[in-house]
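Residues per chain are reported as follows:
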Amino acid sequence: MNDLTPTREERIANLKGMGTSRKRVEDVRFTQGKGNYVDDIKLQGMLFGDFVRSPYAHARVKSINADAARALPGVVAVLTAADLAPLNLHWMPTLAGDKQMVLADGKVLFQGQEVAFVVATDRYIAADAIELVEVDYEELPVVVDPFAAMEPDAPVLREDLNGIMSGAHGPRRHHNHIFLWETGDKAATEEALGAAEVVAEEMVYYHRTHPCPLETCGCVASMDKVNGKLTVWGTFQAPHVVRTVASLLSGIEEHNIRVVSPDIGGGFGNKVGVYPGYVCSIVASIVTGKPVKWVEDRMDNLMATAFARDYWMKGRISATKEGKITALRCHVTADHGAFDACADPTKFPAGFFHICTGSYDIPVAYVGVDGVYTNKAPGGVAYRCSFRVTEAAYFIERMIEVLAIELGMDAAELRRINFIRKEQFPYQSALGWEYDSGDYHTAWDKALAAVDYKGLREEQAQRIADFKAGRTRKLLGIGLTHFTEIVGAGPVKNCDILGMGMFDSCEIRIHPTGSAIARLGTISQGQGHATTFAQIIASEIGLSADSITVEEGDTDTAPYGLGTYGSRSTPVAGAATALCGRKIRAKAQMIAAWLLEVHEGDLEWDVDRFQVKGAPERFKTMKEIAYAAYNQAIPGIEPGLEAVSYYDPPNMTYPFGAYIAVMEIDVDTGEHEVRQFYALDDCGTRINPMVIEGQVHGGATEGYAIAMGQEIAYDEIGNVKTGTLMDFFLPTAWETPHYTTDHTETPSPHHPIGAKGVGESPNVGSVPAFSNAVHDAFRAFGLRQSHMPHDHWRIWKIARDLGLHG
Ligand code: CDP
């Protein structure tokens with residue numbers, strides 16, 4: 001006789017819970033063109049907005065004549081700063097405590113700055129109309145170099161701040177200075193550096209780049225004047241924050257504002273900030289009484305919305321002759337562009353840059369960061385990164401390589417000598433962080449063995465000999481990186497944005513038939529939350545992930561949360577989800593006890609059911625319990641089965657990884673070929689290994705682009721030289737390297753399911769791996785430091801400068 005009762009293993013498999021490579025449920029609609037992005041939203045009578053943008057990087061706006069534009073049939077309105085001023089909306093606060101012009105108020109400060117907003121019945125009419133707006137500019141001297149900006153006689157950029165020598169982050173010591181932020185023990189660091197046996201110093205530049213999501217930024221604002229309700233659909237990585245800010249700015253009560261993030265085509269930090277386009281669309285909708293759509297084009301996006309990085313990092317590192325690091329100092333000159341619009345927690349104007357001691361046990365350290373204004377677009381967002389972690393990881397991984405050169409040591413061995421040891425966790429870093437868990441030596445050994453590091457070094461030595469003997473023109477570079485991140489902002493006591501504490505949330509409702517809906521304060525932009533958060537719930541409450549809908553991004557329905565960026569979703573909302581599931585389970589246990597006529601304490605949880613201890617044949621499945629929760633009168637227990645959890649993490653999580661890039665470099669053409677890329681990630685408990693692998697592929701491809709060609713470059717008068725995808729390198733399948741992924745699993749001790757974030761790790765770890773490979777190829781010929789991006793031209797120049805062209 002066949003027994004159809006599922007085995008325990010079958011019940012576990014049925015859940016598709018944590019640890020399962022469950023296929024992404026989102027992909028059904030994405031691969032069939034059924035996504036619903038902002039530009040898919042079409043409302044009755046909808047108008048279209050477009051910006052007149054400044055061709056100059058620094059100029060006085062003497063006059064704006066919009067008569068011809070207004071006269072064009074189909075144009076409904078043209079807004080300028082003068083129109084917004086009576087509403088006090090011509091300037092807006094930035095996330096970093098500065099303020100930013102919504103529309104040019106007397107002058108422009110970067111190329112592409114928003115000068116006027118044209119609203120028309122058709123997108124093409126709006127585009128034609130902006131050509132008809134006549135703006136009389138008087139050019140002013142341009143400053144694109146942050147060091148030149150700090151010269152005593154540098155032009156004053158922010159005239160609105162004239163005479164105000166204190167900003168959101170303390171004193172300003174120059175008219176183009178924003179803040180000096182310091183941390184660590186300066187005196188002890190100087191003393192250790194002074195007494196050191198070996199010291200290495202280098203300027204490490206992480207160039208200006210851009211998140212460049214496939215979908216640009218945009219919104220549709222619709223003011224319903226009858227009901228007094230404003231609805232804004234937009235590319236928002238933090239919809240609740242947008243709602244609160246919109247309420248504070250407009251005076252519309254928060255319950256009358258609904259912010260919806262529909263499907264988002266990649267964010268990477270670009271969609272965290274509040275942009276003039278959002279403000280102008282809302283104002284235009286209020287003024288016209290019609291819905292107004294604004295969607296950037298690619299050039300708008302690259303030129304004007306949030307850039308990333310642009311950190312000049314001057315480092316000094318010291319060690320004993322044997323290679324034990326004794327101190328680290330770093331001074332950063334941070335180019336913030338025209339307005340300080342960085343998206344960092346309030347207390348950390350340089351984000352989490354002070355994770356720059358990396359994976360190493362460094363006894364003393366000091367960091368100072370000077371924020372500086374220049375005539376460039378504002379931003380400073382965390383491009384797939386937890387608030388400047390990427391800059392920090394690049395800095396320390398370059399400094400380690402430079403120190404290895406100084407010591408004449410193998411860089412893999414230097415890392416091994418200095419890793420924080422497993423038994424030192426929780427580890428207190430010299431710059432104030434408490435690393436939760438890690439096992440760096442195991443990961444490192446696994447990585448080196450996987451690529452046959454010893455064999456690679458032997459091959460490299462042979463290659464150098466062959467090159468010197470004229471038998472080859474190709475060099476071999478081995479790029480090593482061991483990175484440690486800090487993700488999951490953040491405890492509320494440390495981390496807020498504009499005063500809003502960085503917790504997150506989840507609400508779960510079980511339906512009577514044993515399926516469920518979960519809503520979170522986060523919002524996926526391609527990370528697969530609908531797939532993976534359902535897996536957490538499945539494991540916690542014993543219903544199949546396939547019967548759980550995950551919904552995010554609608555402020556009318558989702559619990560309040562701070563959104564998705566900096567790999568915070570899993571560490572914060574993922575924790576809220578697990579705890580919310582546990583609340584459901586606790587109530588389910590009471591119901592099961594009543595149904596089974598036993599004491600609650602006599603029950604134990606097993607996969608998808610509560611069973612009587614010692615009598616597992618007596619059980620109630622979660623499905624049965626859900627039905628009873630709604631349909632049976634249970635004494636002392638209110639009907640229904642739902643819960644909500646808000647989670648304020650006690651600490652951040654510290655994922656880490658060991659990445660190795662092996663690169664062939666043609667000395668005569670500067671061309672490179674990534675022969676091998678090995679990525680070992682440790683993100684604690686793994687929810688969905690396939691999704692993690694996808695995250696690693698995507699992030700490493702972005703890292704490849706950044707390291708090897710992608711940049712936002714300016715000429716000396718502030719023209720953006722890389723404002724289109726002809727010039728801004730976005731790798732296609734053709735250029736994208738092949739990746740080998742691997743993992744170790746060191747759970748976070750304070751996270752309910754032990755998970756750490758992973759989304760940004762590959763961007764953080766791959767950039768130094770690629771860059772170190774380029775440097776390593778030329779190490780034997782005397783290269784110490786060369787700035788990214790390592791495009792063919794720059795690599796060719798390295799070879800030329802080292803005299804390798806003969
Ligand atoms: O905040 P964001 O979603 O960008 O980053 P994340 O929290 O690192 O998550 C990225 C994706 O990887 C999500 O679908 C996570 O659920 C998944 N993930 C996972 O499967 N296991 C982990 N330990 C961490 C993330």
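The structure presented is a predicted model; accordingly, all values stated were derived computationally and were not measured.

Q: Would you mind going over empty space enclosed by the protein with me for this structure?
A: Over the atoms rolls a probe the size of a water molecule, and its path tells where empty space is left. Evaluated as defined, the whole model comprises 8 cavities of 30 Å³ or more. In this model, the largest cavity occupies a volume close to 130 Å³. Together, 14 residues line the largest cavity, and Gln100, Gly273, Val274, Tyr275 and Ala341 are the ones closest to its centre. Breaking the lining of the largest cavity down by element, the ones donating at least two residues are strand E4 (91-93) and strand E20 (379-381). For the lining of the largest cavity, the residue count by class is 10 nonpolar, 4 polar and no charged. Of the voids in this model, the second largest cavity is the one considered here, and its volume is about 60 Å³. Taken together, Phe48, Gly49, Asp50, Arg123, Ala126, Lys293, Trp294 and Val295 make up the full set of residues lining the second largest cavity. Contributions of two or more residues to the lining of the second largest cavity are made by strand E1 (47-53), helix H5 (123-132) and strand E16 (292-295).

Q: Help me understand the pattern of salt bridges, please; the structure alone is not making it clear to me.
A: Should their charged atoms come close, side chains of opposite charge can pair. This model, assessed by the stated rule, comprises 62 salt bridges. Close ionic contact of Arg60 with Glu159 constitutes a salt bridge, the shortest N to O distance being 3.0 Å. With Arg60 in strand E2 (residues 59-65) and Glu159 in the loop between helix H6 (146-149) and strand E9 (166-167), this pair connects stretches of sequence that are 99 residues apart. Overall, Arg60 belongs to the partly exposed group, its relative accessible area being 28%. Here Arg675 ties to Glu459 by a salt bridge, and the two come within 2.8 Å at their closest N and O atoms. Pair noted here: Arg675 is in strand E34 (residues 672-682) and Glu459 is in helix H14 (residues 453-468), with a separation of 216 residues, a long-range link. Accessibility expressed as a relative area gives 28% for Glu459, which makes it partly exposed. Salt bridges sharing common partners tie together Arg8, Arg11, Asp606, Asp608 and Arg609.

Q: In this structure, what is going on with the state of the cysteines? I would like to understand it.
A: As used in these notes, a disulfide is a covalent bond between sulfur atoms, one from each of two cysteines. What the rule picks out here adds up to 0 disulfides. For the unlinked cysteine Cys280, the closest cysteine sulfur is that of Cys219, found at 9.4 Å. Accessibility expressed as a relative area gives 0% for Cys280, which makes it buried. No disulfide involves Cys356; its sulfur sits 5.5 Å from that of Cys330, the nearest cysteine.

Q: In this structure, what is going on with helix H11 (residues 389-407)? I would like to understand it.
A: An α-helical turn contains 3.6 residues, so a residue and the one three or four places further along point in the same direction. Across its 19 residues, H11 extends 27 Å between first and last C-alpha, which sits within 8% of the 27 Å expected from 1.5 Å per residue. The buried fraction of H11 is high, at 17 of 19 residues. Among the residues trailing H11, Gly408 stands out with phi positive, at a value near 65°.

Q: Would you take a moment to explain the environment of His672 for this structure?
A: Relative to the elements of secondary structure, His672 occurs in strand E34. For the pair His672 and Ser515, spaced 157 residues apart in sequence, the C-alpha separation works out to 52 Å. Among residues more than four places away in sequence, those in contact with His672 are Met663, Glu664, Ile665, Tyr704, Met708 and His792. At 2.7 Å, the side chain of His672 and the side chain of Tyr704 are in polar contact.

Q: I tried to follow the domain arrangement of the protein chain on my own but got confused; where do I start?
A: Size of an interface, as often reported, equals the accessible area lost when the parts are brought together. For the protein chain, the domain assignment lists domain 1 (8-35 + 504-647), domain 2 (38-140 + 216-264 + 272-304) and domain 3 (400-489 + 652-801). For domain 1 and domain 3, the distance between their C-alpha centroids amounts to 38 Å. Domain 1 puts 27 residues into the contact, and the matching count from domain 3 is 21 residues. Roughly 1700 Å² of surface becomes buried between domain 1 and domain 3 when both sides are summed, with 63% attributable to carbon and sulfur atoms.

Q: Please clarify how the environment of Ala575 should be interpreted in this entry.
A: Looking at the secondary structure, you find Ala575 in helix H16 (residues 569-596). A sequence separation of 72 residues divides Ala575 from Tyr647, and the C-alpha atoms of the two residues are 6.8 Å apart. Residues within four places of Ala575 in sequence aside, it is in contact with Thr570, Tyr647, His751 and Pro752.

Q: Even after reading the chapter, I still don't get the sheet that holds strand E23 (residues 474-484), so can you show me in this structure?
A: Read across the sheet, 4 strands follow the order E23-E33-E34-E35 without closing on themselves; strand pairing throughout is mixed. Of all the strands in the sheet, just E23 and strand E35 (740-743) have a single pairing partner and so form its edges. Here the strands of the sheet are splayed against their neighbours by 15° on average, with no regard to which way each runs. Where strand E33 (residues 656-666) and E34 come together, 10 bridges link them in antiparallel fashion.

Q: Mind showing me how you'd approach the site of the ligand here?
A: Around the ligand sit 23 residues in total, of which Gln527, His529, Ser569, Thr570 and Val758 are the nearest. Thr532 is positioned such that a nitrogen or oxygen atom in its side chain is 2.7 Å from an oxygen atom of the ligand. The backbone of Gly759 places a nitrogen or oxygen atom 2.8 Å from an oxygen atom of the ligand. If you list the elements that add at least two residues to the shell around the ligand, you get helix H15 (529-541), H16 and helix H18 (689-708).

Q: It is not clear to me how the packing of aromatic side chains should be interpreted in this structure. Could you clarify?
A: Centre-to-centre distance and the angle between the planes together describe a pair of aromatic rings. In total, this model carries 37 aromatic pairs according to the counting rule given. Here Tyr659 and Phe677 contribute two aromatic rings whose centre-to-centre distance is 5.7 Å and whose plane-to-plane angle is 75°, an arrangement assigned as edge-to-face. In this pair, Tyr659 is assigned in strand E33 and Phe677 in strand E34, connecting sequence segments 18 residues apart. For the pair formed by Tyr659 and Phe677, the shared burial category is buried.

What counts and what doesn't
Residues numbered from 1 in each chain as written. Predicted model: local features only at pLDDT ≥ 70, side-chain atom pairs only at ≥ 80, totals over all residues. Heavy atoms only, no water. 1 Å grid on protein atoms, 1.4 Å probe; cavity = no way out; pocket = protein on both sides within 12 Å on 5 of 7 lines; lining within 4 Å. Points joined across faces, edges and corners; volume = space filled by probe spheres on them. Helix = DSSP H or I, 4+ residues; strand = E, 2+ residues; numbered from the N terminus. Nonpolar A, V, L, I, M, F, W, Y, C, P; charged D, E, K, R; others polar. Salt bridge = Lys/Arg side-chain N within 4 Å of Asp/Glu carboxyl O. Buried < 20%, exposed > 50% of the residue type's maximum accessible area, 1.4 Å probe, protein only. Disulfide = S-S within 2.5 Å. Expected span 1.5 Å × (residues − 1). Contact = heavy atoms within 4.5 Å. Polar contact = N/O pair within 3.5 Å; in protein donor to acceptor, adjacent residues only side chain to side chain. Domains from an automatic or database assignment. Buried area = accessible area lost by both parts, 1.4 Å probe. Pairing = 2+ DSSP bridges. Axes fitted to C-alpha atoms, helices over the stretch in contact; angles between N-to-C directions. Near = heavy atom within 4 Å. Phe/Tyr/Trp six-rings, centres within 6.5 Å; stacked < 30°, edge-to-face > 60°.

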